[in-house]
Amino acid sequence: MADKSAKLRINDQDYELPILSPTQGPDVLDIRKLYGQADVFTYDPGFTSTASCDSTITFIDGDKGELWYRGYPIEQLASQSNYLEVCYLLLYGELPTTAQMEDFRTRVTRHTMVHEQMHNFFRGFRRDAHPMATMVGVVGAMSAFYHDSTDIGDSWQREVASIRLIAKLPTIAAMAYKYSIGQPFVYPDNELDYASNFLNMCFSVPAEKYKVDPALARAMDRIFTLHADHEQNASTSTVRLAGSSGANPFACIAAGIACLWGPAHGGANQACLEMLREIGTVDRIPEFIARAKDKEDPFRLMGFGHRVYKNFDPRAKVMKESADEVLDLLGVGDNPTLQVAKELERIALEDEYFVSKKLYPNVDFYSGIILEAMGFPTSMFTPIFALSRTVGWIAQWKEMIGDPQNKIGRPRQLYVGSDKRDYVDFSKR
Ligand code: SDX
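Nothing here was measured: the structure is a model prediction, and the numbers come from that model.

Draft legend 1. Structural detail: unusual backbone geometry. Phi angles above zero are rare outside glycine, and F47 is one such case at about 55 degrees. Not every positive phi belongs to a glycine, and R70 is a case in point at roughly 50 degrees. Mapped onto the elements, R70 comes out in the loop between β5 (66-69) and β6 (72-73).

Draft legend 2. Expanded view of the site of the ligand. Residues in close proximity to the ligand total 25 residues, the closest being H230, L301, H306, R315 and R389. Contacts to the ligand include H230, whose side-chain N or O atom sits 2.6 Å from an oxygen atom. In the model, an oxygen atom of the ligand is placed 2.8 Å from a nitrogen or oxygen of the R307 side chain. Considering the ligand on its own, with 1,100 Å² of exposed area, one finds that the protein chains cover 78% of that surface. Considered class by class, the residues forming the shell around the ligand number 10 nonpolar, seven polar and eight charged.

Draft legend 3. Quick peek at the pairing of strand β4 (residues 58-61). Side chains T58 and I60 project from β4 onto one buried face, and the interleaved F59 and D61 project onto a second face that is buried too. The pairing of β4 with β5 spans four bridges and is classified as antiparallel. When the sheet's bridge partners are listed, F59 is paired in β5 with W68.

Draft legend 4. View of the nonpolar core. F198, M220, L344 and F376 are the most contacted members of the largest nonpolar core, which totals 115 residues. It is helix α7 (residues 155-180) that provides the largest number of residues to this core, a total of 13 residues. With residues near it in sequence (within four places) discarded, F198 still touches P170, A173, A174, M220, F224, F376, M380, I384 and L387. Formed by five residues, the second largest nonpolar core is a distinct cluster that contains I10, Y15, L17 and A38.

Draft legend 5. Seen up close, the pattern of salt bridges. One pass over the full model with this rule turns up 21 salt bridges. We note a salt bridge from D14 to R9, for which the minimum N-O separation is 3.1 Å. Of the charged contacts, one joins E159 and R107 as a salt bridge, the two residues approaching to 2.9 Å between their closest N and O atoms. Of this pair, E159 sits in helix α7 while R107 sits in helix α4 (residues 98-109); the two residues are 52 residues apart in sequence, bridging distant segments of the chain. Residue classification places E159 among the buried residues on the basis of a relative accessible area of 12%. Judged by its relative accessible area of 24%, R107 is partly exposed. The network of salt bridges with common partners includes D103, R107, E159 and K398.

Draft legend 6. Region of the structure containing the sheet that holds β6. One open sheet accounts for three strands, arranged β4-β5-β6; its pairing is antiparallel. Sheet topology places β4 and β6 at the edges, where each strand pairs with a single neighbour. Summarising the sheet, β5 and β6 pair through two bridges and their orientation is antiparallel. The residue of β6 that forms the bridge with W68 is P73.

Draft legend 7. Representation of the side chain of T337 in the model. Tracing the backbone shows T337 in helix α15 (residues 336-350). Non-local contacts of T337, meaning those with residues more than four positions away in its chain, are made with L273, L276, I369 and E372.

Draft legend 8. Geometry of the packing of helix α12 (residues 268-279) against helix α18 (residues 381-401). At a closest axis distance of 7 Å, the pairing of α12 and α18 adopts a crossing angle of 150 degrees. Judged on the interaxial angle alone, α18 and α12 are roughly antiparallel. Taken as a pair, α12 and α18 cross one another with a handedness that is right-handed. Residue-level contacts link N269, Q270 and L273 of α12 to F381, T382 and F385 of α18. For the contact of α12 with α18, the per-class residue count stands at three nonpolar, three polar and no charged.

Draft legend 9. Structural view of helix α13 (residues 285-293). Looking at α13, one finds that the buried residues are I285, F288, I289 and A292. For α13, the angular spread of buried residues about the axis comes to 105 degrees, placing them on one side. Contacts from the buried residues of α13 go to α12, α15 and α16 (352-356).

About the criteria used
Residues numbered from 1 in each chain as written. Predicted model: local features only at pLDDT ≥ 70, side-chain atom pairs only at ≥ 80, totals over all residues. Heavy atoms only, no water. Helix = DSSP H or I, 4+ residues; strand = E, 2+ residues; numbered from the N terminus. Near = heavy atom within 4 Å. Polar contact = N/O pair within 3.5 Å; in protein donor to acceptor, adjacent residues only side chain to side chain. Areas by Shrake-Rupley, 256 points an atom, 1.4 Å probe, with all protein chains shown as cover. Nonpolar A, V, L, I, M, F, W, Y, C, P; charged D, E, K, R; others polar. Buried < 20%, exposed > 50% of the residue type's maximum accessible area, 1.4 Å probe, protein only. Pairing = 2+ DSSP bridges. Core = buried A, V, L, I, M, F, W, Y, C linked by side-chain atoms within 4.5 Å. Contact = heavy atoms within 4.5 Å. Salt bridge = Lys/Arg side-chain N within 4 Å of Asp/Glu carboxyl O. Axes fitted to C-alpha atoms, helices over the stretch in contact; angles between N-to-C directions. Parallel < 35°, antiparallel > 145°, perpendicular 65-115°, else oblique. Left-handed = near helix turned anticlockwise from the far one by under 90°. Arc of directions from axis to C-beta.

Function cannot be read off these values alone, since they describe shape.
The structure is reproduced here in structure tokens:
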């Protein structure tokens, strides 16, 4: 892929670095040989200008606000596909035929239950434990139950682990929710589609009949699709780095869940809704906008800004449509939180500070409003993000494992600590 190169002069020595060209997006400077040739590292905290791998899975254009899964624009997938078909696309690279889709659906459906002994795990947690804490623990512990799918060198075991994770994450997330509210676990119902099954496991109780509203199931499925993958974000990079050491897939996904939990990443949907509630009414918005601009105040508008999208987040646009549909359906179109969200978005997008820093609503801005309207507590917002993103993490993990260039990730550093010095005895300090 290198038909161009860049010249670099260091200490009067010239070096030629290959330039690699992508299908879409910026060229990359191949620095793999730089340290060996010039004895210098590159320096890029937060990896804002560094490509960690090559990938065929997801493409983002931050300036144009574009997001493609395997080349298909997210807007088309959100309106014409469904989450399980998107899982197939992300895992295998092509849209499935009818037969392939039915086989995939059957394989996932047949793995939705968890080992019965795993129920005991939940009872070891406090009832008020955050569901993300429970999910990190239980998903990591899957490697203690599914030994026959932990050998990453066996492609069949990788496949089984992938299916198990996609199938069981909704069950585990629902169990974490039920445990936190003191209700009995609800088993998966294999007659239901993926999103309806999740809603049923969360909201049905043995004491009465529960029918999933198809419109809410469609909105839930769309939320899953919008969160399915997002190239090399923090949690995906965590999964890749964990996987590069040869760790088993369950441990890698547990690491991804832990990273996603942070409020700067997947925890932003919970933080965003809590912020909207704290704002409370439209007339208090200017006070919070002022705080977001104040360099002395660590406060940030949660649900705004993005490392890559320096225009709109295409997922936020689709999510905004869903928010209107779901709230109208539930008869809460005048939801005060939604009113504050829409007015905050309008004001922020006119404000010079946000416009100059290209801070637009991201995927987390509207998702929390929809999830709250559906009846989820804010503590369940990030677990739902985690179960949606599991397929993306797995697809990226499988791509890395299958990459012949794959080696253990080991960044270097700019050491600015003390120079070499001798130990000083207590008596001389
Ligand atoms: C996700 O990477 C992914 O793809 C993630 C994700 C995915 O699908 O995996 O898209 C999911 O994590 C979405 C992001 C959710 N996070 C939030 O909503 C939290 C609020 N947003 C910020 O924390 C922030 O915008 C980040 C972390 C998302 C991005 O930060 P950057 O790109 O590192 O930018 P920065 O922190 O360097 O900020 C640039 C400037 C700064 O001002 P200056 O120092 O230049 O004067 O913009 C300001 C920041 O102070 N700024 C904000 C702001 N975000 C950035 N000011 C107010 N409110 C904000 N939200």
